[in-house]
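Coordinate analysis (summary)
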Amino acid sequence: MNWITNYVRPRINSIFSRRETPDNLWTKCPECGTMLFHREVADNLNVCSNCDHHMHITARDRFTALFDGGVFTEVEVTAPVADPLSFRDQKRYPDRLKAAQKQTSEKEAMLVARGEIGRTPIVAAAQDFSFMAGSMGMYVGNAIIAAAEEAVKLKRPLILFSAAGGARMQEGILSLMQMPRTTVAVQMLKEAGLPYIVVLTHPTTGGVTASYAMLGDVHIAEPNALICFAGPRVIEQTIREKLPEGFQRAEYLLDHGMLDRVTHRGKMREELITITRMLLGMPPPVRGDLPAPDPDQEAAAEAAEAVIAEAEAEPQDPPKK
């Protein structure tokens, strides 16, 4: 009985009461292979603390880090026809949409919101690469138009974060039509005299690069982001030559005049605040608020002012001769 009590029963209990370890506690950096604790990654805005590689970040997490206090209001986007071409490859298009919605908990590949950054009211739009590679379909076109209309109505600048593999093939020519539609939306901002700032993140390719992603007043990119129309592999196969080191990366494009800045994600918010206020002709941002006055010190100051005022009000004796 002792053997059963001391060995068998605890062994059985340990098997059935074994606690599962979550799979998302650790993240492996795709660049250097370092294992990073999930809280460390989240606190560092999904940037590797070892090699500084900028990993994927969702549009909602990006907005939480961007807006003051992480508070923003989503802008409603008109939903297009779900499956206009009745497209089917290995799966039906509606099934792919449902799978992406379940995986990301988002309606579509772009999120539009309004709020304040550094007390500067703005409208922002961000693509989520995890939703069908951030591909540009009719919804993304509607989202950019909604963002531009909201910015014009509220007289606010528009900041757009691009991350896409290009147009959405399941919508065919209808996805390519979003290129001129979004160009018109950007023109609305320019006619209203409102700044349009584009932050290009990894990767920004295809029809997105050929339309709204390269029409900004200021173009900022995250480090080592791939920014191109056709990818380097396609170009190498076409021209049959080896491309230069770092070709089509953010730093290469900055050196060749296609970008204005390459900014670390941790410094992006402050940079956007400074540039936005500068374009709007506003004074520099307030870096911090003064602490509230101490009630005791405030009462003492008021009492001192009252004594001084009373002394000044008393009639003084005439000078003696």
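See the structure above.
Now for a description of the structure that goes with this document. This is a predicted model, so every value here is computed, not measured.

Focus on the overall build of the protein
Helix and strand content of the protein: 11 helices and nine strands. For the protein, the proportion of its 321 residues judged to be buried stands at 39%. Element-wise, carbon and sulfur atoms account for 55% of the exposed surface of the protein, whose accessible area totals about 19300 Å².

So, the nonpolar core
Formed by 42 residues in total, the largest nonpolar core has its most connected members in Met110, Val112, Leu160, Tyr196, Tyr212 and Ile227. For this core, the secondary-structure elements that each account for two or more residues are α4 (93-104), β4 (110-117), β5 (120-127), α5 (138-154), β6 (158-164), α7 (178-191), β7 (196-204) and α9 (250-255). Here the element with the most residues in this core is α5; it accounts for nine residues. Discounting residues that sit within four places of it in the chain, tyrosine 212 has contacts with Met110, Gln127, Met136, Val140, Ile144, Leu160, Thr182, Val186, Tyr196 and Val198. Counting residues in hydrophobic clusters, the runner-up holds 21 residues, among them Ala59, Phe63, Phe67 and Val218.

Digging into unusual backbone geometry
For the bond from histidine 202 to proline 203, the omega torsion is -15 degrees, close enough to zero to count as cis. As for its placement among the helices and strands, proline 203 is situated in strand β7. One non-glycine residue with positive phi stands out, namely serine 86, at about 50 degrees. Relative to the assigned elements, serine 86 resides in the loop between β3 (73-74) and α4. For serine 86, a relative accessible area of 60% gives the class exposed.

Regarding the environment of threonine 64
Considering the arrangement of structural elements, one finds threonine 64 in helix α3 (residues 59-66). The contact partners of threonine 64, leaving out residues within four places of it in the chain, are Gly70 and Phe72.

Regarding a nonpolar patch on the surface
A cluster of nonpolar side chains, namely Ile173, Leu176 and Met177, defines an oily patch on the protein surface of about 290 Å² accessible area. The class of leucine 176 is partly exposed, set by a relative accessible area of 42%.

Side note on the environment of methionine 177
Structurally, the position occupied by methionine 177 is in the loop between α6 (173-176) and α7. Residue classification places methionine 177 among the partly exposed positions, given a relative accessible area of 43%. Through-space distance from the C-alpha of methionine 177 to that of glycine 137 is 8.9 Å; in sequence the pair is 40 residues apart.

A word on the pattern of salt bridges
Enumeration according to the criterion identifies 14 salt bridges in this entry. The salt bridge involving arginine 168 is made with glutamate 108; its shortest N-O contact spans 2.7 Å. Highlighted residues: arginine 168 in the loop between β6 and α6 and glutamate 108 in the loop between α4 and β4, separated in sequence by 60 residues. An identical accessibility class is assigned to arginine 168 and glutamate 108; each is buried. With its nearest N and O atoms 3.6 Å apart, the salt bridge here joins lysine 153 to glutamate 150. Of this pair, lysine 153 and glutamate 150 both sit in helix α5, three residues apart, which is roughly one turn of that helix. Here the salt bridges do not stand alone but share partners, grouping Arg60, Glu74 and Glu106 into one network.

Reading the values: rules and limits
- Residues numbered from 1 in each chain as written.
- Predicted model: local features only at pLDDT ≥ 70, side-chain atom pairs only at ≥ 80, totals over all residues.
- Heavy atoms only, no water.
- Helix = DSSP H or I, 4+ residues; strand = E, 2+ residues; numbered from the N terminus.
- Buried < 20%, exposed > 50% of the residue type's maximum accessible area, 1.4 Å probe, protein only.
- Areas by Shrake-Rupley, 256 points an atom, 1.4 Å probe, with all protein chains shown as cover.
- Core = buried A, V, L, I, M, F, W, Y, C linked by side-chain atoms within 4.5 Å.
- Contact = heavy atoms within 4.5 Å.
- Patch = residues over 30% accessible without salt bridge, like charges linked within 9 Å, V, L, I, M, F, W, Y side chains within 5 Å.
- Salt bridge = Lys/Arg side-chain N within 4 Å of Asp/Glu carboxyl O.

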